[in-house]
Amino acid sequence: MVNDDAATDLRPPSMDEPPPRWRIIGPGLVVAATGIGAGDLVATLVAGSRFGYTLLWAAIVGVLIKIALVEGAGRWSLASGRTMFEGWRLAGRWTVVFFAPYIVIWGFVYGAAAMSSTALPLAALFPSVHLNVFAIASGLVGALIVWFGRYKVFEYVIAFFVGLMFVTVVGAAVVTVPNLGELVTGLVPRIPEGSLIYTLSLAGGVGGTITLAAYGYWLREKGWTTPRWMRVMRIDNSVAYVVSGIFVISMLVVGAELLYSSGVTIADGEGGLLDLADVLRERYGVFMSYFFLIGFWASSFSSILGVWNGVSLMFADFLGTVRGLAEDDPRRKIGGLYYRLYIVWLTIPPMALLFLGRPIGLIVAYGALGALFMPFLAVTLLYLLNSRHMPKPHRNTWWLNGILGIIAALFVALGANELVKAVAPLFSP
């Protein structure tokens, strides 16, 4: 039972419990690295290639939005003592009706997409090896790393890949010699003609996935489980998303300086990053191309690791909660039966899609459910953080409600747009 008494937070910590300390490697870095994959990098790159620095402000707003959402998920976990899925259950049974098919269909299609994305830069580096070989190997290696549920090891592996991303992605921006004057002008909010959808997507889409909701689970694995860790959690989350913001701004710089200024166009989707590697090779030589491809691979593989770990934790909690298992039942814990079951689901069945293509019905369902998840997260957080299930000292203030309300409206608008695109194939001839 959750105690609403504010005095609970003022009790001195146990002599056996170390004082809260923040370190640069924490759950925030994990959720930020997982959320920013190749698709997010190329979306920012395309925005820079089409509009220069004009939408820089939208990218920064996107980082602030993710800080607010992840802070809400973390605050719910620390203050209520409940997981994110337990909170959704309190919001009504309709959440289970949405989440059950979502996590099954999303995992199946995402598994194939993530493995393919990770394989693309490897196939470009080693063209004699078939793409599917790298895709399958990426899924299996990712599954092996997270299989035993050792969170500390997982966290350090993620930190290594963040380091690779930082050196390569930021390095690519540095060699293009950004125009600082134009960069500053991009901080002024403007929406050029024809850029509304790009603006909304940049503000709401970068780093926005189901892994935002996994933050509370990673807090538990880190040992941050009570309100006394609230300040540490906020610092961890903010610094991690500042780091992710540097990645986003770097890709916008590359798009503006390398592509926009010279009128070069690239493909949508992860293929755009391969196009960028070709441009870098022509402009700066083979080394720079390979250098960037390594960063492309690091961003994709870190997303595999994060999803294989974090969403598997969510699935274990979901299944354990639905089945009424005790909180300490090993089957619903990291490294337990349900956790490993979802890792297998993410890894093995999706391999069929690598060879058989993607059935249109499955892709439509995946796109539709995916378009609805971020609105689902924003709206349910707005409810939970104001509900009686949240201890009073940690409930939303009026201004936090205003921010979350605006975020929820943004994601509803984005979700509607993505939903239309997702179901469009059903009506095409």
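Residues numbered from 1 in each chain as written. Predicted model: local features only at pLDDT ≥ 70, side-chain atom pairs only at ≥ 80, totals over all residues. Heavy atoms only, no water.

A. Here's a closer look at the overall build of the protein chain. Helix and strand counts for the protein chain stand at 17 helices and 0 strands. A fraction of 84% describes how many contacts in the protein chain between residues 6 or more apart in sequence connect residues 24 or more apart. In the structure as shown, the protein chain presents an accessible area of about 18,200 Å², 68% of it carried by carbon and sulfur atoms. (Helix = DSSP H or I, 4+ residues; strand = E, 2+ residues; numbered from the N terminus. Contact = heavy atoms within 4.5 Å. Areas by Shrake-Rupley, 256 points an atom, 1.4 Å probe, with all protein chains shown as cover.)

B. Quick peek at a nonpolar patch on the surface. There is a patch of nonpolar side chains on the surface, built from Ile 60, Leu 64, Val 184 and Leu 187 and spanning about 350 Å² of accessible area. Relative to the helices and strands, Val 184 resides in helix α8 (residues 180-185). The class of Val 184 is exposed, set by a relative accessible area of 53%. (Patch = residues over 30% accessible without salt bridge, like charges linked within 9 Å, V, L, I, M, F, W, Y side chains within 5 Å. Salt bridge = Lys/Arg side-chain N within 4 Å of Asp/Glu carboxyl O. Buried < 20%, exposed > 50% of the residue type's maximum accessible area, 1.4 Å probe, protein only.)

C. Main features of the nonpolar core. Counting 138 residues, the largest nonpolar core has Leu 69, Trp 88, Phe 99, Trp 308 and Phe 373 as the members making the most contacts within it. Other than its neighbours up to four places away in sequence, Trp 88 contacts Thr 95, Phe 99, Ala 213, Met 314, Phe 373, Phe 376, Leu 377, Thr 380 and Leu 384. (Core = buried A, V, L, I, M, F, W, Y, C linked by side-chain atoms within 4.5 Å.)

D. A look at the pattern of salt bridges. Tallied over the entire structure, the rule returns 7 salt bridges. With a closest N to O distance of 3.9 Å, Arg 332 and Glu 86 form a salt bridge. With a gap of 246 residues between them, Arg 332 in the loop between α13 (286-322) and α14 (337-347) and Glu 86 in helix α4 (residues 84-90) connect regions that are remote in the sequence. Note that Arg 332 is salt-bridged to Asp 317, the shortest N-O span being 2.7 Å. Taken as a pair, Arg 332 in the loop between α13 and α14 and Asp 317 in helix α13 lie far apart in primary sequence, 15 residues in all. Side by side, Arg 332 and Asp 317 carry an identical accessibility label, which is buried.

E. Spotlight on the side chain of Ser 300. Position of Ser 300 relative to the elements: it lies in helix α13. The buried category is assigned to Ser 300, whose relative accessible area is 3%. Other than its neighbours up to four places away in sequence, Ser 300 contacts Ala 38, Ser 117 and Thr 118.

F. Summary view of the side chain of Asn 237. With respect to the helices and strands, the residue Asn 237 is situated in helix α11 (residues 230-260). In this structure Asn 237 comes out as buried when scored by relative accessible area, which is 0%. Apart from the residues lying within four places of it in its own chain, the contact partners of Asn 237 are Gly 28, Ile 67, Val 70, Glu 71 and Tyr 215.

G. Layout of the packing of helix α3 (residues 56-80) against helix α17 (residues 398-427). The N-to-C vectors of α3 and α17 enclose an angle of 115 degrees; their axes lie 11 Å apart at closest approach. It follows from the interaxial angle that α3 and α17 lie roughly perpendicular. Every pair of crossing elements has a handedness; the one defined by α3 and α17 is left-handed. Contact residues: Ile 65, Lys 66, Ala 68, Leu 69 and Arg 75 in α3; Leu 400, Ile 403, Leu 404, Ile 407, Leu 410 and Phe 411 in α17. Among the residues forming the contact of α3 with α17, the class breakdown is 9 nonpolar, no polar and 2 charged. (Axes fitted to C-alpha atoms, helices over the stretch in contact; angles between N-to-C directions. Parallel < 35°, antiparallel > 145°, perpendicular 65-115°, else oblique. Left-handed = near helix turned anticlockwise from the far one by under 90°. Nonpolar A, V, L, I, M, F, W, Y, C, P; charged D, E, K, R; others polar.)

H. Quick look at the confidence of the model for the protein chain. Averaged over all residues, the pLDDT of the protein chain is 85; the fraction at 70 or higher stands at 89%. In the model of the protein chain, helix α9 (residues 196-205) stands out as the element of lowest mean pLDDT, 72, in contrast to α14, which has the highest, 97. Counting interchain partners and residues more than four positions distant, the pLDDT-below-50 stretch residues 1-16 has 18 contacts. (pLDDT = per-residue confidence, 0-100.)

I. Spatial organisation of the packing of aromatic side chains. Tallied over the full model, the rule gives 27 aromatic pairs. Aromatic side chains Phe 85 and Phe 318 sit 5.1 Å apart centroid to centroid with 85 degrees between the ring planes, which places their arrangement in the edge-to-face category. Placement of Phe 85 in helix α4 and of Phe 318 in helix α13 is noted, with a sequence separation of 233 residues between them. Side by side, Phe 85 and Phe 318 carry an identical accessibility label, which is buried. Consider the rings of Trp 88 and Phe 373, whose centres lie 6.2 Å apart with planes at 85 degrees: the pair is edge-to-face. Taken as a pair, Trp 88 in helix α4 and Phe 373 in helix α16 (residues 360-384) lie far apart in primary sequence, 285 residues in all. Judged by relative accessible area, Trp 88 falls into the buried class, the value being 0%. Judged by relative accessible area, Phe 373 falls into the buried class, the value being 1%. (Phe/Tyr/Trp six-rings, centres within 6.5 Å; stacked < 30°, edge-to-face > 60°.)

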